[in-house]
Amino acid sequence: MGLEWKDEEGVAGKYISSQKDEKGALHDIKFKDTEKFNFAFDIVDVLAKKCPDKTAMLHISKDGKERRLTFRDMMVYSNKIANYLQFLGIKKGDRVLLVLKRHYQFWFTILALHKIGAIAIPASFLLTRKDFEYRFKAADVNAVVVTSDGEVSKEIDKALRNYDGMKVKIMVGASKPGWSSLNKEIKYFSQHFNRSAASAGGDDPMLMFFTSGTTAYPKIAMHNFKYPLGHYITAKYWHQVDPEGIHLAISDTGWGKALWGKLYGQWLCEAAVFTYDYDDFYAKEILSMMEKYKITTFCAPPTVYRVMVHLDLSKYDLSALQNVTTAGEALNPEIFYKFKKATGLNIMEGFGQTETTLTVCNLKGTKPKPGSMGKPSPAYDISIMRPDGTICDVNETGEVVVNYSKGFPNGLFMGYYLDDEKTISVMHDGFYHTGDTAYVDNDGYLWYVGRVDDIIKSAGYRVGPFEIENEIMKLPYVLECAVTSVPDKIRGQAIKATIVLTDGTEKTEERRKDVMKFLRANLASYKRPKLVEFVDELPKTTSGKVRRAEVRENDWNKGRGNAE
């Protein structure tokens, strides 16, 4: 049964679940009256009435305190905060930066913003003055809601010396002079908040995400109120959440993956989410919680699985786990096989971007090919395109594009905020150009090659980094790696492997020679790295994605290849 609702005029709408045809293909998810859809009203508030005492979130604070928050709690506190924010002057269309780590108040606040119609802008608590100043100006931020932890408020106050557009500053947790205190002040506000004919929904802007910014200043991807609907497939058929279970996604609320795995799709499926508000990630601690709280579905970036497979997973009772997924960057087959051997579970890989929802994936009922992103989501019309705009043949590498000529799928972004030039550069002729390259095999599975900018052109060959990284990851003492280009006087570009070794493995010349020997035996000559460097860590985005661009830029700035 779908969730039924009525708007303020009594017009009924209903979710229609996907159905499989006789060939096992999933039909598109559809929703009636999407032009008025607002997740906070039409899902959270409806669930608060349908199943008020059902757990929406099990939240564990960093000091170990447990909170079971129901759907009724989510409605009541989002209403109180909506009234509070309106009292402070925040209105429909205002842009509000949220820097709330994994505090449960993040969920109350983002729902409140949806009800008001203000635009939520999630941001990382690791940002500094310079980062905040850029974001304030680029997004015309009107208000901030931030954690009292750490130096966040200090960095924001510094940034505000060069920005005069801020109307409201709100702090969650401890109070501070010059800041409104959410914890102290929301108790004075009503738990009722009425939807009106003017309430936001449908094509109105709802969210703005700053992209990872691996090659330049972050762009601002804007999404409308239909964005949550794009995550029904994410949760139902990829995460495969259990309405009676609990889903854990490793993600901070400062980036888009949190909304993939900690809010929209999961609650569309009436499943609870698990949130641990930790400061630092420790795989053993997460595994212990998965055991204690009987996590049923789990999603994490490949970085997390790379760490986990080097632990003794037999020490943890993970028998409650039904399905595990990964996204953020491509998963090395070696990690897939090691995790499968330890747990019996296939890691179901998926691909998407800040600008989209899940676009390529290994869905329920499909058999994953280790190393493949999977097949296109039924919500997206995906092709692999050559630079001249023609479609690639099978097994031919090209750019992953989304065809929107027949209509925008729910989840595809509206464009880059206040930047028509960048929007047009990626959205033209009926296609959204992702900037990621891949190829399709004979069975319709997509295989990731790399970002367009990551492709290495050496001695007349075009080489994708991921294939080489997959080979390097087969070495038992390699934790993670990045393959990039370096300048070369003869070839133009040469290939370099930057490697992080497992704990206890020494960075010796003998080890470097061992890596080179292995690569000579397993890679064609034009794919072999000329240089191998061992480092303590690789630069990453706040979402855990390896920043190959930063590695490459550092080496090119230093002329690393020519010096060898």
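**Quick word on the packing of helix α1 (residues 39–50) against helix α2 (residues 71–87)**
Then step 1. Packing of α1 against α2 brings their axes to within 7 Å, and their N-to-C directions diverge by 125 degrees. Viewed along their axes, α1 and α2 adopt a mutual orientation that is oblique. Considering the relative orientation of α1 and α2, their crossing is left-handed. The segment α1 lies against α2, with Val-44, Asp-45, Leu-47 and Ala-48 engaging Phe-71, Arg-72, Met-74 and Met-75.
Then step 2. A breakdown of the residues in the contact of α1 with α2 according to their chemical character gives six nonpolar, no polar and two charged.

**What to know about helix α15 (residues 509–522)**
Then step 1. Over its 14 residues, α15 runs 20 Å from end to end, which matches the ideal 20 Å to within 8%, given 1.5 Å per residue.
Then step 2. Buried residues of α15: Val-515, Met-516 and Leu-519, and no others. In a view along the axis of α15, the buried residues occupy a sector of 95 degrees, so they form one face of it. Structural note: α15 exposes Glu-510, Lys-513, Lys-517 and Ala-521 on the side pointing more than 90 degrees away from its buried face.

**Topic: the packing of helix α4 (residues 129–139) against helix α5 (residues 152–159)**
Then step 1. The interhelical angle for the contact between α4 and α5, taken along N-to-C directions, is 55 degrees, at an axis separation of 8 Å. With respect to α5, the axis of α4 lies oblique. For the crossing formed where α4 meets α5, the hand is right-handed. Side by side, α4 and α5 meet where Arg-129, Phe-132, Glu-133 and Phe-136 of the first sit next to Val-152, Glu-155, Ile-156, Lys-158 and Ala-159 of the second.
Then step 2. Along the lines of polarity and charge, the residues of the contact of α4 with α5 split into five nonpolar, no polar and four charged.

**Topic: the nonpolar core**
Then step 1. Phe-39, Met-74, Ile-110 and Trp-267 are the most contacted members of the largest nonpolar core, which totals 70 residues.
Then step 2. Examining the composition of this core, we find that eight residues originate from one element, helix α3 (residues 105–116), more than from any other.
Then step 3. In this structure Phe-39 touches Val-44, Leu-111, Pro-228, Leu-263, Tyr-264, Trp-267 and Leu-268, once residues within four positions along its chain are discounted.
Then step 4. Of all hydrophobic cores here, the second largest spans 53 residues; its members include Leu-248, Ala-272, Val-463 and Ala-497.

**Side note on the environment of Glu-509**
Then step 1. Within the secondary structure, Glu-509 is located in helix α15.
Then step 2. With relative accessibility at 39%, the residue Glu-509 sits in the partly exposed group.
Then step 3. A C-alpha to C-alpha distance of 49 Å links Glu-509 and Gly-265, two positions 244 residues apart in sequence.
Then step 4. A polar contact of 2.8 Å, which involves the side chain of Glu-509, links it to the side chain of Arg-512.

**Some words on empty space enclosed by the protein**
Then step 1. All told, the structure shown has two cavities of 30 Å³ or more when counted by the stated rule.
Then step 2. Considered as a void within the structure, the largest cavity measures approximately 40 Å³ in volume.
Then step 3. Looking at the largest cavity, the residues that line it are Arg-102, Leu-248, Ala-249, Ile-250, Ser-251, Lys-262, Phe-274, Thr-275, Tyr-276, Tyr-278 and Ile-286.
Then step 4. At the level of elements, β13 (246–249) and β14 (272–276) are the ones that each hand at least two residues to the lining of the largest cavity.
Then step 5. The element best represented in the lining of the largest cavity is β14, accounting for three residues.

**A closer look at the pattern of salt bridges**
Then step 1. Scanning the model with the defined rule gives 35 salt bridges in all.
Then step 2. The residue Asp-42 makes a salt bridge to Arg-195 at a minimum N-O spacing of 2.6 Å. Here Asp-42, found in helix α1, pairs with Arg-195, found in the loop between α6 (182–185) and β11 (205–210); they are 153 residues apart in sequence, far enough to count as distant.
Then step 3. Judged by its relative accessible area of 2%, Asp-42 falls in the buried class.
Then step 4. Look at the salt bridges and you will find they share partners, linking Lys-62, Lys-101, Asp-149 and Asp-279 into a network.

**Re the pairing of β14**
Then step 1. Of all five residues in β14, five are buried, a share of seventy percent or more.
Then step 2. By the alternation rule, side chains of β14 split into Ala-272, Phe-274 and Tyr-276 and Val-273 and Thr-275, which are all buried.
Then step 3. Judged from the four bridges that link them, strand β4 (residues 55–60) and β14 form a sheet pairing that is parallel. If you follow Leu-58 over to β14, its bridge partner there is Phe-274.

**Quick look at the side chain of Asp-436**
Then step 1. Tracing the backbone shows Asp-436 in strand β24 (residues 431–440).
Then step 2. Here Asp-436 falls in the buried class, since its relative accessible area comes to 5%.
Then step 3. When sequence neighbours within four positions are dropped, the list of residues in contact with Asp-436 reads Phe-351, Gln-353, Gly-398, Glu-399, Val-400, Tyr-448, Gly-450, Arg-451 and Val-452.

**A few points about the sheet that holds strand β15 (residues 297–299)**
Then step 1. Reading across the sheet, the nine strands line up as β5-β4-β14-β13-β15-β16-β17-β18-β19 and stay open at both edges, with mixed pairing between neighbours. Of all strands in the sheet, those with a lone pairing partner are β5 (66–70) and β19 (375–376), marking the two edges.
Then step 2. Note that strand β17 (residues 347–352) and strand β18 (residues 358–361) share three bridges and pair antiparallel. Opposite Gly-350, over in β18, you have Cys-361 as the bridge partner.
Then step 3. Together, β4 and β5 form the strand contacts of α2, whose direction differs from that of β5 by roughly 85 degrees.
Then step 4. Running over the sheet, helix α10 (residues 283–292) touches β4, β5, β13, β14 and β15 and is turned about 145 degrees from β14.

About the criteria used
- Residues numbered from 1 in each chain as written.
- Predicted model: local features only at pLDDT ≥ 70, side-chain atom pairs only at ≥ 80, totals over all residues.
- Heavy atoms only, no water.
- Axes fitted to C-alpha atoms, helices over the stretch in contact; angles between N-to-C directions.
- Helix = DSSP H or I, 4+ residues; strand = E, 2+ residues; numbered from the N terminus.
- Parallel < 35°, antiparallel > 145°, perpendicular 65-115°, else oblique.
- Left-handed = near helix turned anticlockwise from the far one by under 90°.
- Contact = heavy atoms within 4.5 Å.
- Nonpolar A, V, L, I, M, F, W, Y, C, P; charged D, E, K, R; others polar.
- Expected span 1.5 Å × (residues − 1).
- Buried < 20%, exposed > 50% of the residue type's maximum accessible area, 1.4 Å probe, protein only.
- Arc of directions from axis to C-beta.
- Core = buried A, V, L, I, M, F, W, Y, C linked by side-chain atoms within 4.5 Å.
- Polar contact = N/O pair within 3.5 Å; in protein donor to acceptor, adjacent residues only side chain to side chain.
- 1 Å grid on protein atoms, 1.4 Å probe; cavity = no way out; pocket = protein on both sides within 12 Å on 5 of 7 lines; lining within 4 Å.
- Points joined across faces, edges and corners; volume = space filled by probe spheres on them.
- Salt bridge = Lys/Arg side-chain N within 4 Å of Asp/Glu carboxyl O.
- Pairing = 2+ DSSP bridges.

Keep in mind that these numbers describe shape and distance, not what the molecule does.
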